[in-house]
Amino acid sequence: MNYQKLDAALATALSDVQNSEESSLGVFIHTEPILNSAAIAVLESLGVSGVTSGKDIFTATLSLNAISQLSEQPWVKYLKRSQQLGLLNQRKSLGSFSV
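Remember, it's a predicted structure, so these values are computed and weren't measured experimentally.

1. Describing the nonpolar core
- Among the nonpolar cores identified, the biggest contains 25 residues, and Ile 29, Leu 43, Leu 62, Ile 67 and Leu 70 are the most heavily contacted of them.
- Residue assignment for this core shows that the elements contributing at least two residues are α1 (8–14), β1 (25–31), α2 (37–45), β2 (57–62), α3 (64–71) and β3 (76–81).
- Top element by residues in this core is α2. It accounts for 4 residues.

Here is the structure:
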């Protein structure tokens with residue numbers, strides 16, 4: 001695992017993983033902008049969808065093992081944890097204003 005390519009939130013989350021094979025962590029994968037066919041094949045084999053050359057940020061839910069494998073790839077710049085967003089109420093009141 002190349003920890004230099006992981007943001008702090010992702011590195012911390014890895015220590016809480018119970019099953020290294022279970023895809024449980026949402027991540028942003030930042031890559032070189034031009035990917036060769038081998039790099040595209042690696043991403044697709046890990047379940048990353050919408051992989052095309054010319055695109056350099058991908059999202060995926062990955063296992064600890066997949067994150068470790070990606071962190072070692074020279075064409076991966078860094079991996080960042082994706083935070084799960086919660087739903088907000090339809091309307092929030094801020095004093096006399098409604099948003």
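Picking up where we left off.
2. A closer look at the side chain of Ser 71
- Residue placement: Ser 71 occurs in helix α3.
- The class of Ser 71 is buried, set by a relative accessible area of 0%.
- Polar side-chain contacts of Ser 71 include one of 2.9 Å to the backbone nitrogen of Asn 2.
- A polar side-chain atom of Ser 71 sits 2.8 Å from the main-chain carbonyl oxygen of Ser 68.
- What Ser 71 contacts, discounting residues up to four positions off in sequence, is Met 1, Asn 2, Lys 5, Leu 6 and Leu 79.

3. A few points about the environment of Asn 19
- Structurally, the position occupied by Asn 19 is in the loop between α1 and β1.
- For the pair formed by Asn 19 and Ser 63, sequence separation is 44 residues and the distance between their alpha carbons is 8.1 Å.
- In terms of polar contacts, Asn 19 uses its side chain to reach the backbone amide nitrogen of Glu 21, at 2.9 Å.

4. Topic: α2
- Listed as buried for α2 are Ala 39, Ile 40, Val 42 and Leu 43. The arc that holds the buried residues of α2, viewed along the axis, is 160°, so those residues lie on one side. Turned more than 90 degrees off the buried face of α2, the exposed positions are Ser 37 and Ser 45.
- Residues of α2 that are buried in the fold lie against β1, β2 and α3.

Calculation criteria
Residues numbered from 1 in each chain as written. Predicted model: local features only at pLDDT ≥ 70, side-chain atom pairs only at ≥ 80, totals over all residues. Heavy atoms only, no water. Core = buried A, V, L, I, M, F, W, Y, C linked by side-chain atoms within 4.5 Å. Buried < 20%, exposed > 50% of the residue type's maximum accessible area, 1.4 Å probe, protein only. Helix = DSSP H or I, 4+ residues; strand = E, 2+ residues; numbered from the N terminus. Polar contact = N/O pair within 3.5 Å; in protein donor to acceptor, adjacent residues only side chain to side chain. Contact = heavy atoms within 4.5 Å. Arc of directions from axis to C-beta.

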